[in-house]
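# An overview of the molecular structure
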Amino acid sequence: MIRTEYRYETQKRDRLLVVRLFGEIDHHSAAGLRAELDELLLKERPARLVLELSHVEFMDSAGLGLLMGRLRLVKQLGGVMALKGANARVLKILTLAGMERFMEIDGLKGAEK
């Protein structure tokens, strides 16, 4: 069994929720992160979710799916989502996937729809 460890930290202020992710967001870590982030979002119901990615070293398609799913949930809860601090490799993946069309991404012109 492959075990991927992931970690995150949260900061809350009013209806702003900042989640700082660490490590790799891949096939092995996405399921655990998905469950924990969904529970957090349903509890906090933020008006704005910011995922801070400066400590994310790697992201694959499972990571993109994780981001899109959290965007969908935040929108269902009446909020918006933004990404901040992605390194050049992660930014390239986000750009290739066209993620800036769906959310604000620090370093890219993004639109919150």
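As a reminder, the structure under discussion sits directly above these lines.
Report on the accompanying structure. A quick note: this is a predicted structure, and the numbers were derived from the prediction, not measured.

### What about the sheet that holds strand 2 (residues 16-25)?
Pairing in this open sheet of five strands is mixed, and the strands run 1-2-3-4-5 from one edge to the other. Here the strands that pair on one side only, and so sit at the sheet edges, are strand 1 (7-13) and strand 5 (104-105). Note that strand 1 and strand 2 share seven bridges and pair antiparallel. Paired with Arg-13 across the strands is Leu-16, a residue of strand 2. Where helix 1 (residues 27-44) meets the sheet, its contacts fall on strand 1, strand 2 and strand 3 (48-59), and the angle it forms with strand 2 comes to roughly 175°. Along the sheet, helix 3 (residues 88-96) makes contact with strand 3, strand 4 (80-84) and strand 5, crossing strand 3 at roughly 115°.

### A look at the environment of Ile-25
Looking at where Ile-25 falls in the secondary structure, it is placed in strand 2. Spatially, the C-alpha atoms of Ile-25 and Gln-76 are 23 Å apart, while their sequence positions differ by 51 residues. Those residues in contact with Ile-25, other than ones at most four positions away along the chain, are Leu-33, Val-56, Phe-58, Met-59, Asp-60, Gly-63 and Leu-66.

Quick notes on the rules
- Residues numbered from 1 in each chain as written.
- Predicted model: local features only at pLDDT ≥ 70, side-chain atom pairs only at ≥ 80, totals over all residues.
- Heavy atoms only, no water.
- Pairing = 2+ DSSP bridges.
- Helix = DSSP H or I, 4+ residues; strand = E, 2+ residues; numbered from the N terminus.
- Contact = heavy atoms within 4.5 Å.
- Axes fitted to C-alpha atoms, helices over the stretch in contact; angles between N-to-C directions.

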